[in-house]
Amino acid sequence: MVSRKEQLKSFFEPVKAEAAGAGEPAVALPQRAASGAVKAMGLSLGDLSEELEEARRLRGALAAGIQIAALDPAKIDASPVVDRLSAGHDGDKDFAALVESLRQSGQQVPVLVRPHPDAAKRGAGWHQAAYGHRRIRAAAKLGLSVNAIVRPLSDSELVLAQGKENADRRDLSFIERSFFAKSLLERGFDRATAQAALSVDKTEMSRLLQVADAMPFEIVRAIGPAPKAGRPRWMALAALLAGDTAQVKAGDEISSASFEALDSNARFQRIFDRVSRRAPANAPPLKVKSATGKVIAHVSRKGNATLIEIPDAAGQGFAEYLAAEMPKLLAGFRTSG
């Protein structure tokens with residue numbers, strides 16, 4: 001019977017040979033197969049199948065003419081469309097874990113780049129990333145080269161690949177997806193391309209843009225991805241920041257050293273708490289209108305409470321209906337993030 005080690009070798013060795021034959025710098029392929037072969041008896045057939053499938057995909061990519069290269073991360077520019085709000089600095093725990101993983105185990109998954117669209121930079125050996133930005137920063141931090149698939153991508157192909165990677169990984173927060181959507185449109189991509197990049201329909205696209213249009217970016221950037229805050233909470237914060245006074249308060253918070261020391265979710269909550277308390281007593285009530293434009297509620301602040309007034313014009317029994325639905329609405333609000 002052919003051993004697991006021999007099976008893996010029969011798949012990975014041709015990959016190395018094809019990469020070398022393409023004239024690319026030597027690439028260190030994932031080491032899980034080689035190191036894991038020692039423990040073959042303890043691994044399942046599912047593990048073996050997954051690694052063999054990874055090798056097949058890599059061989060297929062090489063057969064299709066896709067280059068795999070070991071690149072200098074200092075010569076890789078980010079995608080022109082920003083998707084992440086986390087800076088990848090030393091206070092980012094996820095980034096720190098990625099750096100440590102790269103230090104101990106090496107790079108397991110290649111990034112995707114294209115030859116730089118700027119002719120001068122392209123001539124000097126520069127590339128532009130479609131995805132894998134955090135892996136590129138981690139490699140740079142460690143002084144390592146980064147394994148990359150190099151493909152001649154158009155602008156649309158680049159953002160579609162970037163969006164698909166994010167959708168597959170499901171690691172972008174709601175607000176990051178919102179500003180990714182807005183950035184795509186601001187860069188001149190049409191809605192169809194933006195929806196395809198985000199894997200969303202028209203309704204969800206409108207929701208993402210609604211939040212991105214309502215939130216001041218400098219405040220969002222200071223807060224970061226806040227993965228526990230979903231659309232309802234971001235919309236609530238946007239409503240609170242509609243006034244100049246609230247934005248001044250938020251500005252005070254984000255400039256403080258204690259704010260910088262918090263994680264992203266705590267930053268969101270701190271801003272939310274700061275701008276929602278001590279609201280001016282004479283602030284005009286917020287008018288809530290129906291789809292036909294009829295005012296169905298007035299929402300105002302009084303001390304530490306929010307008052308909702310339902311005019312008779314909203315319809316007999318509507319106030320009672322709203323009161324009965326509030327527990328369900330609150331439960332949905334708390335689980336939305």
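Above this text you will find the structure in question.
Reading the values: rules and limits
Residues numbered from 1 in each chain as written. Predicted model: local features only at pLDDT ≥ 70, side-chain atom pairs only at ≥ 80, totals over all residues. Heavy atoms only, no water. 1 Å grid on protein atoms, 1.4 Å probe; cavity = no way out; pocket = protein on both sides within 12 Å on 5 of 7 lines; lining within 4 Å. Points joined across faces, edges and corners; volume = space filled by probe spheres on them. Helix = DSSP H or I, 4+ residues; strand = E, 2+ residues; numbered from the N terminus. Nonpolar A, V, L, I, M, F, W, Y, C, P; charged D, E, K, R; others polar. Pairing = 2+ DSSP bridges. Axes fitted to C-alpha atoms, helices over the stretch in contact; angles between N-to-C directions. Phe/Tyr/Trp six-rings, centres within 6.5 Å; stacked < 30°, edge-to-face > 60°. Buried < 20%, exposed > 50% of the residue type's maximum accessible area, 1.4 Å probe, protein only. Expected span 1.5 Å × (residues − 1). Bend = angle between axes of the 7 residues up to and from the residue. Core = buried A, V, L, I, M, F, W, Y, C linked by side-chain atoms within 4.5 Å. Contact = heavy atoms within 4.5 Å. Patch = residues over 30% accessible without salt bridge, like charges linked within 9 Å, V, L, I, M, F, W, Y side chains within 5 Å. Areas by Shrake-Rupley, 256 points an atom, 1.4 Å probe, with all protein chains shown as cover. Salt bridge = Lys/Arg side-chain N within 4 Å of Asp/Glu carboxyl O.

(A) Geometry of the layout of surface pockets. Of the pockets and cavities examined, the largest pocket occupies roughly 1600 Å³. The wall of the largest pocket is formed by 36 residues, among which Ala236, Ala239, Leu286, Val299 and Thr306 lie closest to the centre. Elements with a contribution of two residues or more to the lining of the largest pocket: helix H12 (231–240), helix H13 (244–254), helix H15 (264–276), strand S6 (286–289), strand S7 (295–302), strand S8 (305–309) and helix H16 (318–335). For the lining of the largest pocket, a count of residues per class yields 25 nonpolar, seven polar and four charged.

(B) Up close: the sheet that holds S7. In space, the three strands of this open sheet follow the order S6-S7-S8, with antiparallel pairing throughout. The sheet terminates laterally at S6 and S8, the two strands that pair on one side only. Along the sheet, successive strands turn relative to each other by an average axial angle of 25°, direction set aside. Pairing of S7 with S8, which is carried by five bridges, proceeds in the antiparallel orientation. Counted as the bridge partner of lysine 302 is alanine 305 from S8.

(C) Seen up close, the packing of aromatic side chains. Evaluated as defined, the whole model comprises three aromatic pairs. Between tryptophan 234 and phenylalanine 268, the aromatic rings sit 4.8 Å apart at their centres with planes inclined by 70°, giving edge-to-face as the arrangement. In this pair, tryptophan 234 sits in helix H12 while phenylalanine 268 sits in helix H15, placing the two residues 34 residues apart along the sequence. With a relative accessible area of 0%, tryptophan 234 lands in the buried category. Between the aromatic rings of phenylalanine 268 and phenylalanine 272, the centroid separation amounts to 6.0 Å while the plane-to-plane angle is 25°, which identifies the pairing as stacked.

(D) Seen up close, H16. Under the 1.5 Å per step criterion, the end-to-end length of H16 is 25 Å for 18 residues, consistent within 8% with the ideal 26 Å. Along H16, the largest kink reaches about 45° and is centred on methionine 326; proline proline 327 follows within four residues of it.

(E) Examining the nonpolar core more closely. Counting 44 residues, the largest nonpolar core has Leu184, Met215, Ile223, Trp234, Leu237, Leu241 and Phe268 as its most contacted members. Beyond its immediate chain neighbours, meaning those up to four positions away, phenylalanine 268 contacts Ile223, Ala226, Ala229, Arg233, Trp234 and Leu237. Counting 15 residues, the second largest nonpolar core, distinct from the first, contains Ile76, Leu102, Val113 and Ala139.

(F) Main features of a nonpolar patch on the surface. A grouping of Ile308, Met326 and Leu329 is seen on the molecular surface, where their side chains present a nonpolar patch of about 270 Å² in accessible area. Turning to its location among the elements, methionine 326 is positioned in helix H16. Exposure remark for methionine 326: the relative accessible area of 39% places this residue in the partly exposed category.

(G) Fine view of the pattern of salt bridges. Taken as a whole and assessed by the stated rule, the structure comprises nine salt bridges. In this structure, the salt-bridge partner of arginine 114 is aspartate 155, at a minimum N-O distance of 3.0 Å. One end of the pair, arginine 114, is in strand S3 (residues 111–115); the other, aspartate 155, is in helix H7 (residues 155–169), and 41 residues separate them in sequence. On the basis of relative accessibility, which here comes to 45%, the residue aspartate 155 falls in the partly exposed class. Where arginine 270 meets glutamate 253, a salt bridge forms, and the shortest distance between an N and an O atom there is 2.6 Å. Of this pair, arginine 270 sits in helix H15 while glutamate 253 sits in helix H13; the two residues are 17 residues apart in sequence, bridging distant segments of the chain. You can call glutamate 253 buried: its relative accessible area is 9%.

(H) Looking closely at the environment of phenylalanine 189. Along the chain, the position of phenylalanine 189 falls in the loop between helix H8 (174–186) and helix H9 (191–198). For the pair phenylalanine 189 and aspartate 155, spaced 34 residues apart in sequence, the C-alpha separation works out to 9.0 Å.

Interpretation note: all reported values are geometric properties and have no functional meaning in isolation.
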